[in-house]
Structure formats: C-alpha cells, structure tokens
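Descriptive structure summary
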Amino acid sequence: MDRKILLIYTGGTIGMKENPDTLLLEPFDFNQILQEVPELRKFDFAIDTYSFDPVIDSSDANPAFWVRLSQLIRDNYAAYDGFVVLHGTDTMAYSASALSFMLENLEKPVIFTGSQLPIGMLRTDGKENLIDSLELAADRDAQGHPCVSEVCIYFENELFRGNRTTKYSAEAFSAFRSPNYPVLAEVGTHIRYNVPSLRRPIRWGGPLLLHTQLDNRVAVLKIFPGISESYVRGVLATEGLRAVVLETFGSGNAPSYPWFLDALAAFTSSGGIVVNITQCLTGTVDMGTYANGDTLRQAGVVCGRDMTTEAAVTKLFVLLGQYSDNKTVAIKLEFDLCGEIS
Ligand code: ASP
C-alpha cells in the first residue's frame, strides 16, 4: 500500500454506540473501529488509528486540546499522507479554524468530520462521513500531490474550508455551511473537486511550521438593540483583555451612542484591539458604507471583513500568542493568512 492515513479520534457522537443493557450512548473502544466499520478494510491504503484518552465532548475543546492535536499531526506529518480527525460537531468549526492558523505551510489534508448520529446506530451518518473523509484524505492528483492540502471539514457529501465553516444545524445531517466560500468538493458517485477554490502551496516541499503559543485573552461582544452601557463596559474591563471580536449588524454597523463609541475608543487607544465582523451569515463588513460603520473606524476598530466568529477568535489566539505587540496583531488580523478572508 503506497499511502497511509492517520485516523484520530478525539470524541463526539460519531464514536458512540448504544449499550444494549442500559440503552445509553457510550464511547466504544476506538481501536476496534475496523469491527464497527469493516468497510474500511476495502481501501487500498493503510489506516492507522490514534484515540485521545480520555475522549472529550467537543464542548470541552480549548487551546490545550488544539495544541495536543496539532502536535500529534506535526509528530506524524512525515509518516502519513493525510489526517482524518473525528471530532464532536459542536465546536468542530473552532477546532478546524484553530488548526488552520496553527499549522502554517500545511501541504497535506487534515479533514475533520463527525456525525449527528452515532456510528453504532442503523441510520448513522457517521459511516459515510468517515469513509468519504478517508478517501478524500488519501486522494492524489495527476502530479502525485494530495488533492486537498489544507484543514477542512467534511460533512454530508460536502468538503468545506475549515476556517470558513460554521455549525448551521443542531439536527440535520447537513450540519455545516461555509456561507462565504464555495464548497471545495462534492461527493456523489464521483468526487468533484472545485479546483480553483482549493488552497495550494506556492511551492511544494516547504517545512510545516507549528504555532503552539495561544493567548486566549479575547472576548466576543455581540451587540443588540438596547445593549446596556454597563454590559459593554464590563466586557471591555475584563482583566488582561487584549482583543474583542465585535459582532455588528449588517455590513458592520453599531449603535452611535456616544458612550458606546467612547468605550471602544478608550479601549483601542489604550492598546486594545477591536475587530469588526458581521452577525449576518453571508456578506462582508465594509465600514465605509454607513455613517454608523465609519464611526467605528474612527474609534480605532479594525475591519474583519467576512471572517466567521470561529476564524476571528482562533486567529486572534494564534496571533496574540505569536506577538506581544498588539499593533502587529491588528495589522496581521486584516490580512488573509490561510484563506479565511475573501
Ligand atoms: N456534544 C457532541 C460534541 O460536540 C455533539 C457531537 O458530537 O456532534 O462533542
């Protein structure tokens, strides 16, 4: 077998099965995955497995977990052609975004997948998601390069760029969307890659650079009509806070109340970063369109364009971890680092 994929199980619904005695869902021994999904034996590439111990519900994902996962990938990078990460759906978009920023110069597929129903259930979506993800991770183009060379999420026949993705449905099998970026591949009777939208290295063979210094001194402030001064000031007064992801209305607008703008301006002029992203699922922030957006710019707010909340938060974690100077972080924030901004 000429190709090898590392299948990493971190936790989540996909790795559960019903205990016949209690009827409760419990994680099964992941080393027995071939017994649960015997179809995996039919692949013409090798699959090794690694299970986190203990596995986590993805609601417990955090920077330490991302560091562990990214180090596992780095340590096995040379030995494998691709990686499939089984992960709970709840924070999958955060983890995929985080890894996209942490694994700089990635040239191999890192495909996150999971399921809405456990793999041990009859109607599970998990088997198909797993089998398709493995096939995508092992696929090569005519030049022998991996067809996918970035961090992705695969769910219900669609491959998405990880840092463009958001969990869209708590129930539907098609649980993810990538509202501001095209689907990278569709899996039907054939795998159809959207080649122009795939991220490719400028030159193959560069070294993988891992960023494991993450700084979580970040807040997300979602504004709403009637938001109170004490709430906004309370968030901005959070001890040690370095950056705020401001979720604004429409194309980047926020209230024009003087106390609101004063509070933001005081935070930015004392060195804090405020990045403006929209609450809308599609479209981009443009602070030059309306007076209420322009005032934010005057208050020192940085434009996050069409970044998802997941991408903005995790990009900040990685940049703040890399640079102690907030000015540098604010500049880098507006640049597209790995396909997260249009
Ligand atoms: N709570 C689970 C998790 O995110 C749900 C899932 O796996 O889809 O870990």
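We now turn to the structure provided with this report.

The rules behind these values
Residues numbered from 1 in each chain as written. Predicted model: local features only at pLDDT ≥ 70, side-chain atom pairs only at ≥ 80, totals over all residues. Heavy atoms only, no water. Disulfide = S-S within 2.5 Å. Pairing = 2+ DSSP bridges. Helix = DSSP H or I, 4+ residues; strand = E, 2+ residues; numbered from the N terminus. Contact = heavy atoms within 4.5 Å. Axes fitted to C-alpha atoms, helices over the stretch in contact; angles between N-to-C directions. Parallel < 35°, antiparallel > 145°, perpendicular 65-115°, else oblique. Nonpolar A, V, L, I, M, F, W, Y, C, P; charged D, E, K, R; others polar. Buried < 20%, exposed > 50% of the residue type's maximum accessible area, 1.4 Å probe, protein only. Near = heavy atom within 4 Å. Polar contact = N/O pair within 3.5 Å; in protein donor to acceptor, adjacent residues only side chain to side chain. Areas by Shrake-Rupley, 256 points an atom, 1.4 Å probe, with all protein chains shown as cover. Left-handed = near helix turned anticlockwise from the far one by under 90°.

**Regarding the state of the cysteines**
Counted according to the given criterion, the structure contains 0 disulfides. Summary of cysteine pairing: Cys147 is not part of a disulfide, and the nearest cysteine sulfur, belonging to Cys152, is at 11 Å. No disulfide involves Cys338; its sulfur sits 11 Å from that of Cys152, the nearest cysteine.

**As for the sheet that holds strand β16 (residues 243–248)**
On the basis of which strands lie adjacent, the open sheet formed by 4 strands has the order β15-β16-β17-β18 and parallel pairing. Only two strands of the sheet have a single partner each, and these edge strands are β15 (218–222) and β18 (302–303). In the sheet, strand β17 (residues 273–278) pairs with β18 via 2 bridges, with the strands oriented parallel. Counterpart to Asn276 in the pairing with β18 is Cys303. Taken strand by strand, helix α8 (residues 309–322) contacts β15, β16 and β17, and its axis lies near 165° from that of β16.

**Considering the packing of helix α5 (residues 229–236) against helix α6 (residues 258–269)**
Their axes nearest at 10 Å, the elements α5 and α6 cross at an angle of 5°. On the basis of their axis angle, the class for α5 and α6 is roughly parallel. In this structure, α5 contributes Glu229, Val232, Arg233 and Leu236 to the contact, and α6 contributes Trp259, Phe260, Asp262, Ala263, Leu264 and Phe267. For the contact of α5 with α6, the class distribution of residues is 7 nonpolar, no polar and 3 charged.

**Digging into the pairing of strand β5 (residues 82–86)**
Most of β5 is tucked away, with 5 of its 5 residues classed as buried. Here β5 shows a buried face lined by Gly82, Val84 and Leu86 and a second buried face lined by Phe83 and Val85. Summarising the sheet, strand β1 (residues 4–9) and β5 pair through 5 bridges and their orientation is parallel. Bridged to Tyr9 within β5 is Leu86. One ladder, built from 4 bridges, connects β5 with strand β7 (residues 110–113); its direction is parallel. Looking across to β7, one finds that Val84 is bridged to Ile111.

**Some remarks on the site of the ligand**
Near the ligand the following residues occur: Gly12, Thr13, Asp57, Ser58, Gly88, Thr89, Asp90 and Ser115. Here an oxygen atom of the ligand sits 2.8 Å away from a polar atom, N or O, in the main chain of Thr13. Here the ligand loses 87% of its free accessible area of 270 Å² to cover by the protein chains. The residue inventory of the shell around the ligand, partitioned by class, reads no nonpolar, 6 polar and 2 charged.

**Concerning the packing of helix α2 (residues 63–75) against helix α3 (residues 92–102)**
Where α2 contacts α3, the two axes come as close as 10 Å, and the packing angle between them is 55°. Here α2 is positioned oblique relative to α3, judged by the angle of their axes. Note that α2 runs across α3; the crossing there is right-handed. Contacts from Phe65, Trp66, Val67, Leu69, Ser70 and Ile73 of α2 reach α3 at Tyr94, Ser95, Ala98, Leu99 and Met102.

**A closer look at the side chain of Ser133**
Along the chain, the position of Ser133 falls in helix α4 (residues 126–138). Under the relative-accessibility criterion, Ser133 is labelled buried at 0%. Non-local contacts of Ser133, meaning those with residues more than four positions away in its chain, are made with Val84, Ile111, Thr113 and Tyr154.

**A few points about the sheet that holds β7**
The sheet built from 8 strands is open, its strands ordered β4-β1-β5-β7-β8-β9-β12-β13 with mixed pairing. Either end of the sheet is taken by a strand with one partner, and the two such strands are β4 (46–51) and β13 (191–193). Strand-to-strand twist in this sheet, taken as the mean axis angle between neighbours without regard to direction, amounts to 20°. Sheet analysis places strand β12 (residues 185–187) next to β13, joined by 3 bridges and oriented antiparallel.

**Brief notes about unusual backbone geometry**
For the peptide bond that leads from Asp53 to Pro54, omega is 0°, which places it in the cis range. Checked against the element boundaries, Pro54 lands in the loop between β4 and α2. Residues other than glycine seldom take positive phi values, yet Glu156 does so here, at roughly 45°. Checked against the element boundaries, Glu156 lands in the loop between β8 (151–155) and β9 (158–161). In this structure, Arg305 takes a positive phi of about 50° despite not being glycine. In this structure, Arg305 sits in the loop between β18 and α8.

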